[in-house]
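Given next are the chains, with one letter for each unit.
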Amino acid sequence: MNQSCHIFIIDDCATDIAVYRQFLAQDNQYRYEIYVFSTALVALEHCQHTMPDLIILDFMLSDINGLEFLGKLKLVTGKEQLPVIMITRYGDENIAVQAMKAGVQDYLVKGKLTCGAFLRACHTVLERLQFIQQIAQQQEQQKLLGAIALRIRQSLSLEAVLNTTVDEVRKFLKADRVLVYRLQPKNGGVIVAESVWPKWRSCLNIHLEDNCFARPVYSELETPYRSAVTNIREAGLSSCYVQMLESFQVKAKIVVPIFSYTQSSGKGHQPPWGLLIAHQCSTSRQWQESEIELLDQLSVQIAIAIQQAELYQNLKYLNTQLEANVQERTKELQSSERKFRAIFEQIFQYIFLLDPHGLVVEVNQSAIEYLQLNRHELIGKPLWDVPFFNRFIELKQYFHQGIKAACVGQVSRYELTLPHGENREQTLDFSIKPILGDKEKVIFLLVEARDITQHKNAESALQKLNQELEMRVQQRTLDIEAANKQLIQEIQDRKIIEAQVLQLQQRLEFLLFSTPGAIYTSKVADEYGPTFMSGNVTSLFGYDPAEFITNSDFWFDHIHPEDQQHVLFELEKIFTRDRIAFEYRLLDKQGVYRWVFDQSNLVRDEQGNPLEIIGYWLDISDRKLAELEIIQNRDLLKAIFNESTDAMFLVDAKSLAIIDCNQRAVELFEFHSKDELVNTERLDLLNYQFSTEELKKISIELNRDRVWNQELEYTTCKGNLFWGSLAAKQISVAGRAMNLIRVSDITNHKQAEVQIKRSLEEKETLLKEIHHRVKNNLQIISSLLRMQSRRSLDSRTAVLFEESQNRVQSMALIHEQLYQSPNLAQIDFHTYITNLTDNLFRSYGMSQGLIRRQIETNNIYLSLDVAVPCGLIINELVSNSLKYAFLNVQNGKVTIHLHPNDDHTVTLSVSDNGIGIPENLNWENSRSLGLRIVNNLTRQLKGNIRFESNCGTSFHITFAHNHQK
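Residues numbered from 1 in each chain as written. Predicted model: local features only at pLDDT ≥ 70, side-chain atom pairs only at ≥ 80, totals over all residues. Heavy atoms only, no water.

Draft legend 1. The overall build of the chain, seen in detail. Secondary structure summary: the chain contains 26 helices and 33 strands in total. Across the 965 residues in the chain, those meeting the buried criterion constitute 40%. In the chain, of all internal contacts separated by at least 6 residues, the share reaching a separation of at least 24 is 54%. (Helix = DSSP H or I, 4+ residues; strand = E, 2+ residues; numbered from the N terminus. Buried < 20%, exposed > 50% of the residue type's maximum accessible area, 1.4 Å probe, protein only. Contact = heavy atoms within 4.5 Å.)

This is how it looks when you write it as structure tokens:
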């Protein structure tokens with residue numbers, strides 16, 4: 001008979017399906033039960049309930065492709081190797097490799113497909129998976145045998161071994177009952193071990209004497225073979241035997257004999273020790289040969305356990321007999337000196353034979369084993385120097401005293417508790433006796449040590465028992481006296497308990513009301529009408545509990561019509577699972593459908609019959625709305641990812657392999673499809689190849705800052721170059737570290753940037769040329785003023801020309817510094833003031849040795865429109881100081897200080913330690929050109945000026961400026 005197999009064909013092409021059916025119909029080795037699916041997702045849903053023996057999978061489907069189906073099937077089954085043959089119209093090597101990695105067993109191309117190749121592929125996959133299943137089953141059998149063998153070695157209890165065996169065998173075979181039946185000398189026997197599924201009747205300790213049970217078994221065991229019954233009604237068993245099996249709900253069984261090793265299991269008609277039996281109660285069952293062989297092997301292990309238990313019992317009996325014989329023999333040997341050696345070596349006491357000087361002459365085996373020494377390590381040594389004894393000062397003193405007493409014919413005894421082993425103490429009774437010769441002279445000393453630990457413990461236990469007995473008698477007397485009082489108290493307590501029961505009932509009612517859900521009970525038939533409903537249902541749905549109870553159809557009629565069949569389908573499962581949970585919509589009193597989470601539990605009686613359903617309702621409408629929002633957010637994020645105008649990649653943080661990308665990435669890098677990018681590294685797309693050290697550095701920065709940006713040049717699949725702005729951000733998806741990478745095409749931006757940079761360089765050159773020409777023109781003006789002052793015959797006019805020349809020179813210095821500086825927008829004011837004051841000192845013929853100069857600018861840079869007025873102000877104030885402040889002053893000092901303020905202002909201070917300005921001089925309305933210039937330039941800066949005349953002259957000009965250092 002051909003072997004039957006279930007096969008799923010997942011293909012949306014009717015022609016291809018007809019071809020596959022035609023091929024399978026020609027198979028003489030297997031008989032196929034075929035199920036056809038046009039979409040992968042429907043087939044996947046069926047795989048969750050029933051996994052077929054073989055799946056014929058088309059790569060290109062209408063909903064998802066074959067590789068995506070394989071990934072989802074792995075998650076459903078949890079298996080790496082899948083019974084799948086993938087078929088595609090085009091022979092793509094990359095797809096074949098990905099399919100084999102995903103767990104596909106074979107890969108066929110439609111254009112090259114023949115009936116022979118198709119059937120060979122099916123046979124290979126079926127046989128390979130069957131072989132894998134057989135190997136796994138054999139491994140489980142070996143594990144089971146090893147575990148039971150280990151339990152036998154670890155335990156001497158036959159009962160524990162048998163209970164472990166039947167429990168493990170039932171779990172392994174997934175049988176309903178496994179038992180061990182112990183045959184007795186007369187007909188019948190007793191079930192000594194059993195493991196049974198809770199829903200089936202237990203047979204443990206039942207004694208069966210009916211011959212109709214034993215006789216068929218013996219007839220089978222007259223020759224040593226096993227019996228396996230698929231269906232007891234079709235196996236030709238006697239009617240009384242079938243009736244007995246049906247009383248235990250048996251429909252199929254396996255029986256193997258258990259022979260004790262002390263029996264002759266293979267000869268004659270001697271019955272076995274017992275039977276190892278497996279029952280299937282739910283349905284008939286086709287037993288596998290491997291299952292029968294497993295029971296045979298386990299029967300051997302049980303036989304070993306039986307032999308081990310019997311040997312253990314025999315050993316205990318022999319030990320008991322041996323102890324009795326040794327005691328009897330000891331009494332006999334004490335009366336005869338000729339029997340001394342036998343007694344000396346076999347006695348349990350520790351015996352030492354000493355000479356009168358205390359040296360060890362002989363020692364028995366018990367003492368050697370106790371001291372854990374060799375005989376030659378003891379002979380000839382003083383007893384008090386024997387290792388272990390020499391560690392105890394009290395024992396050594398006793399040996400010295402006892403030996404002296406024994407030498408004069410006295411016997412001494414001494415009890416001492418010594419440590420023995422780890423965390424254990426042993427009490428020894430030492431005695432030293434003299435042994436006299438013919439002339440009543442002491443020739444030997446006999447030292448005997450007896451272990452009286454148990455005796456001491458027994459004395460202590462007896463004393464403690466007597467004390468406990470006295471206490472119990474006293475307590476019993478007190479109990480009798482208190483009985484009457486207790487009876488009265490019990491009556492009072494009963495009243496209190498009744499009050500507590502009432503209070504507990506009120507608490508339970510409160511708990512039912514305060515729980516967030518509604519608790520109910522319902523019938524197991526008649527549309528599952530409720531029999532109890534907690535009051536919470538009113539706060540949840542607005543209905544009175546009585547509405548559900550008085551009308552058995554009330555609950556079902558208020559379920560959403562689309563959910564009613566789903567609810568009935570789920571409720572049917574409760575009779576096989578006992579506990580279910582499902583969701584549906586229920587109409588509340590306001591006419592709004594609310595989502596309900598319903599968790600139900602089936603209550604059964606002692607015989608396993610359904611009594612009622614107890615359940616719990618919870619309003620989960622808010623959670624459902626949240627789930628809908630999560631789905632919408634997911635779709636939104638997916639749309640943002642796929643519809644972005646930039647190329648988007650998801651890259652594995654460790655392997656740098658591309659996990660996913662959007663369509664813009666495919667277009668930007670000029671690929672044909674996303675498959676060419678996914679599951680590849682594609683570092684070759686970078687025009688600049690990063691070194692290993694650079695990649696490590698990038699990884700460190702990304703882990704530290706969580707983001708990394710860089711502008712890079714890329715090469716497309718067709719060899720075209722473009723500039724891209726790469727932005728990488730580290731994210732975590734389902735606990736997996738990934739990098740979200742965005743690549744923006746900035747080729748046009750880079751080209752514009754190059755053009756702008758070139759234009760800026762040209763303008764900067766032009767601006768430097770302008771500053772150079774302005775400086776030259778101001779130098780010409782300064783020279784013309786110098787020439788005019790030299791020709792002037794009026795000294796006052798000459799001074800005016802020189803002052804104008806200094807003013808022009810201060811402006812020329814600024815333009816000179818600008819065209820020499822790399823920064824055309826800012827002026828290093830410290831360098832400018834230094835050069836300006838140098839010119840003024842030379843112009844007025846002042847030596848810096850006589851008049852010191854102190855300049856402090858705090859590294860402030862000024863723009864051109866601020867630096868020119870400040871330079872002219874410094875020119876006027878320093879000129880006044882050099883002309884008027886130091887007429888009769890030595891060691892003069894001019895200070896120029898530029899410092900920032902907290903309110904985004906800057907203060908320019910020019911001071912000297914000269915004679916100061918006369919008190920009657922109104923400097924704000926002075927006719928002096930220099931002071932008027934200072935006031936006008938201060939207003940130009942939109943600042944204010946402050947004058948001080950303590951110890952010289954000081955001017956402080958404060959104006960707004962965003963200073964830069």
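Next comes the rest of the description.
Draft legend 2. Fine view of the pairing of strand 16 (residues 442-451). In this sheet, strand 16 lies alongside strand 12 (residues 350-354) in antiparallel orientation, the contact comprising five bridges. Pairing of Ile351 across the sheet is with Glu448, part of strand 16. Relative to strand 16, strand 15 (residues 425-436) is paired through nine bridges, and the arrangement is antiparallel. Of the residues in strand 16, the one forming a bridge with Leu436 is Val442. (Pairing = 2+ DSSP bridges.)

Draft legend 3. Layout of the sheet that holds strand 15. Taken together, five strands build an open sheet; the order of strands is 13-12-16-15-14 and the sheet is antiparallel. Every other strand in the sheet has two partners, leaving strand 13 (360-363) and strand 14 (412-419) as the edge strands with one partner each. Averaged over neighbouring strand pairs, the angle between their axes works out to 25° when direction is ignored. Judged from the three bridges that link them, strand 12 and strand 13 form a sheet pairing that is antiparallel. Pairing of Phe352 across the sheet is with Val363, part of strand 13. Strand contacts of helix 12 (residues 393-407): strand 12, strand 14, strand 15 and strand 16, with the helix running at about 20° to strand 15, the strand carrying the most contacts. (Axes fitted to C-alpha atoms, helices over the stretch in contact; angles between N-to-C directions.)

Draft legend 4. Examining unusual backbone geometry more closely. Even without being a glycine, Gln249 presents a positive backbone phi close to 65°. With respect to the secondary-structure elements, Gln249 resides in the loop between helix 8 (239-247) and strand 10 (252-258). What makes Gln249 partly exposed here is its relative accessible area of 30%. Notably, His904 is not glycine yet its phi reads approximately 60°, a positive angle. Assignment of secondary structure puts His904 in the loop between strand 30 (892-900) and strand 31 (905-912).

Draft legend 5. How the structure looks around helix 2 (residues 40-49). Considered for burial, the residues of helix 2 that qualify are Ala40, Ala43, Leu44 and Cys47. Seen end-on, helix 2 carries its buried residues on one side only, within an arc spanning 105°. When the buried face of helix 2 is taken as reference, the exposed residues oriented beyond 90 degrees from it are Gln48 and His49. Buried residues belonging to helix 2 abut strand 1 (3-10), strand 2 (30-37), strand 3 (54-58) and helix 3 (66-77). (Arc of directions from axis to C-beta.)

Draft legend 6. Summary view of the packing of helix 2 against helix 3. One can describe the packing of helix 2 onto helix 3 by two numbers: an axis separation of 10 Å at closest approach and a directional angle of 15°. It follows that helix 2 is roughly parallel to helix 3 by the angle criterion. Considering how the two elements wind past one another, helix 2 and helix 3 form a crossing that is right-handed. Contact with helix 2, carried on its side by Ala40, Leu41, Ala43, Leu44, Cys47 and Gln48, involves Phe69, Lys72, Leu73 and Val76 of helix 3 and no other residues of that element. (Parallel < 35°, antiparallel > 145°, perpendicular 65-115°, else oblique. Left-handed = near helix turned anticlockwise from the far one by under 90°.)

Draft legend 7. View of the packing of aromatic side chains. For the coordinates displayed, the defined rule picks out 25 aromatic pairs. Ring plane angle 50° and centroid distance 5.2 Å describe the contact between Phe947 and Phe955, whose orientation is recorded as tilted. On the basis of relative accessible area, Phe947 is assigned to the partly exposed category, the value being 24%. Judged by its relative accessible area of 5%, Phe955 falls in the buried class. Through successive ring pairs, a cluster of aromatic residues spans Tyr520, Phe541, Tyr543, Phe548, Phe554, Trp555, Phe556, Phe582, Tyr584 and Trp617. The residue whose ring lies beneath Lys624 is Trp595, and the NZ or CZ to ring-centre distance is 4.5 Å. (Phe/Tyr/Trp six-rings, centres within 6.5 Å; stacked < 30°, edge-to-face > 60°. Lys NZ or Arg CZ within 6 Å of the ring centre and 35° of its normal.)

Draft legend 8. Representation of the environment of Ile851. Examined against the element boundaries, Ile851 turns out to sit in strand 28 (residues 851-856). Taking relative accessible area as the criterion, Ile851 reaches 6% and is therefore assigned buried. Measuring from C-alpha to C-alpha, the distance between Ile851 and Phe886 comes to 8.5 Å, with 35 residues separating the pair along the chain. Not counting residues up to four positions away in its chain, the partners in contact with Ile851 are Phe841, Met846, Leu882, Phe886, Gly892, Lys893 and Val894.

Draft legend 9. View of a nonpolar patch on the surface. A contiguous nonpolar patch, built from Leu636, Leu637 and Ile640 and spanning about 310 Å² of accessible area, is present on the exposed surface. Mapped onto the fold, Ile640 is located in helix 19 (residues 621-643). (Patch = residues over 30% accessible without salt bridge, like charges linked within 9 Å, V, L, I, M, F, W, Y side chains within 5 Å. Areas by Shrake-Rupley, 256 points an atom, 1.4 Å probe, with all protein chains shown as cover. Salt bridge = Lys/Arg side-chain N within 4 Å of Asp/Glu carboxyl O.)

Draft legend 10. Structural view of the sheet that holds strand 30. Strand order in this open sheet of five strands is 28-30-31-33-32, and the pairing throughout is mixed. Only two strands of the sheet have a single partner each, and these edge strands are strand 28 and strand 32 (944-948). Each strand of the sheet is rotated relative to its neighbour by a mean of 10°, with strand direction disregarded. Pairing of strand 28 with strand 30 involves six bridges; the strand directions are parallel. Across the sheet, Arg852 pairs through a bridge with Lys893, a residue of strand 30. Contacting strand 32 and strand 33 (953-960), helix 26 (residues 929-940) crosses the sheet at an angle of about 140° to strand 32.

Draft legend 11. Broad picture of the nonpolar core. Formed by 37 residues in total, the largest nonpolar core has its most connected members in Phe829 and Ile874. Those elements giving two or more residues to this core turn out to be helix 24 (829-843), strand 28, helix 25 (864-885), strand 30, strand 31, helix 26 and strand 33. No other element matches helix 25, which puts eleven residues into this core. Setting aside chain neighbours within four positions, we find Phe829 in contact with Thr857, Ile860, Leu862, Ala867, Cys870, Gly871, Ile874 and Leu898. Ranked by size, the runner-up nonpolar core spans 31 residues in total, among them Leu354, Leu373, Val386 and Ile432. (Core = buried A, V, L, I, M, F, W, Y, C linked by side-chain atoms within 4.5 Å.)

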